[in-house]
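Next come the chains, spelled out residue by residue.
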Amino acid sequence: MLILFCFTGIHAQNNLQFLGANTGAACQSIKYYNDYVFTGTGSTLRSYFVGSGSVMPYTYGFECRYTSEIIRMRIYGHYLFVCANYDGLTKLDIADPAHPVRIFDILPDSAGMATQAVA
């Protein structure tokens, strides 16, 4: 009886490499502000005008793509905070909800800790 053992060495990556993003998916978070709905669908943040004169199906006016899934969103005053898993926390000024302005991002630490919630 001959038993042959073959060992191969495959080196693993020391960090994750971005491969792609999914535009639209299950909606993990949805927020309403001044006749606009903000949705976190997959890795895509979108805003839809749903006020007077809007017609279904609603079309989006603003889109921001992340490299990971949007987990949570919160509106405080006229700011929208977005937790996007491995992309960290983003603060957007939505005083003019048709044209949100990205204020800043807090990125995860070098260990790649995911952002899961905002309070």
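Our structure is the block above this text.
Source: prediction; values computed, not measured.

**Q** Go over unusual backbone geometry, please, and point to the residues and values.
**A** Glycine aside, the phi torsion of most residues is negative, and most peptide linkages are trans. Phi is positive for D35, which is not a glycine, with a value near 70 degrees. Looking at the secondary structure, you find D35 in the loop between β1 (23–33) and β2 (36–42). Assessed through its relative accessible area of 33%, D35 is described here as partly exposed. Not every positive phi belongs to a glycine, and N85 is a case in point at roughly 40 degrees. Inspection of the secondary structure puts N85 in the loop between β6 (79–83) and β7 (89–93). Look at N85 and you get buried, because its relative accessible area is 14%.

**Q** Help me get a handle on the packing of aromatic side chains, residues and values and all.
**A** Under the definition given, this model contains two aromatic pairs. Consider the rings of Y48 and Y60, whose centres lie 6.3 Å apart with planes at 80 degrees: the pair is edge-to-face. Of this pair, Y48 sits in strand β3 (residues 44–49) while Y60 sits in strand β4 (residues 60–65), placing them twelve residues apart in sequence. When the ring centre of Y60 is taken as reference, the NZ or CZ atom of R46 above it lies at 4.0 Å. Against the face of Y79 rests K91, its NZ or CZ located 4.1 Å from the ring centre.

Rules used throughout
- Residues numbered from 1 in each chain as written.
- Predicted model: local features only at pLDDT ≥ 70, side-chain atom pairs only at ≥ 80, totals over all residues.
- Heavy atoms only, no water.
- Helix = DSSP H or I, 4+ residues; strand = E, 2+ residues; numbered from the N terminus.
- Buried < 20%, exposed > 50% of the residue type's maximum accessible area, 1.4 Å probe, protein only.
- Phe/Tyr/Trp six-rings, centres within 6.5 Å; stacked < 30°, edge-to-face > 60°.
- Lys NZ or Arg CZ within 6 Å of the ring centre and 35° of its normal.

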